[in-house]
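# A closer look at the structure
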Amino acid sequence: MSTDNSVERLLASYEAQTFSALSELQRKLIAAMDQRETMGDIHQLGKITKEYKQTNKSSNETLALLSGVSSNTISTMTSDPTNSKVSTVLALLDAMGMTLTISRKSADE
């Protein structure tokens, strides 16, 4: 019984430390970005995600932990974002310290 309690305590401690580290990483990433920078439109989500991962030495698995979206979904979404749920795109963008902005099309679009 005490072994079970020890394992549960260790697991709870590990989960708390992991959550804290991920939260701190996300906070630092958000602070490092210029909030006014326009990155592109939905069709460029894959490129934006790839550049983010390269710049931050990250992976789909890390983004999955930060966003709560599976790494397979992230992979699918970045190859064809037009079929993605808005909530999924928002979760990924939030994990990367970005937001979705809606604007009027320019005359040449």
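Residues numbered from 1 in each chain as written. Predicted model: local features only at pLDDT ≥ 70, side-chain atom pairs only at ≥ 80, totals over all residues. Heavy atoms only, no water.

## Considerations on the overall build of the chain
Of regular secondary structure, the chain possesses five helices and zero strands. In the chain, buried positions account for 24% of the 109 residues. Long-range contacts, defined as pairs at least 24 residues apart, comprise 55% of the intrachain contacts of the chain with a sequence gap of at least 6. Counting every atom, the chain has about 8,200 Å² of accessible surface; 52% of that belongs to carbon and sulfur. (Helix = DSSP H or I, 4+ residues; strand = E, 2+ residues; numbered from the N terminus. Buried < 20%, exposed > 50% of the residue type's maximum accessible area, 1.4 Å probe, protein only. Contact = heavy atoms within 4.5 Å. Areas by Shrake-Rupley, 256 points an atom, 1.4 Å probe, with all protein chains shown as cover.)

## Observations regarding the nonpolar core
Counting residues in each nonpolar core, the largest one holds 17 residues, and the members touching the most others are L63, I74, L92 and M96. Elements that contribute at least two residues to this core include exactly helix 1 (2-32), helix 2 (45-55), helix 3 (60-67), helix 4 (71-79) and helix 5 (86-95). (Core = buried A, V, L, I, M, F, W, Y, C linked by side-chain atoms within 4.5 Å.)

## Brief notes about the packing of helix 3 against helix 5
At a closest axis distance of 8 Å, the pairing of helix 3 and helix 5 adopts a crossing angle of 105°. By the angle between their axes, helix 3 is roughly perpendicular relative to helix 5. The residues of helix 5 that touch helix 3, namely those facing L63, L66 and S67, are A91, L92 and A95. In terms of residue class, the contact of helix 3 with helix 5 is built from five nonpolar, one polar and no charged. (Axes fitted to C-alpha atoms, helices over the stretch in contact; angles between N-to-C directions. Parallel < 35°, antiparallel > 145°, perpendicular 65-115°, else oblique. Nonpolar A, V, L, I, M, F, W, Y, C, P; charged D, E, K, R; others polar.)

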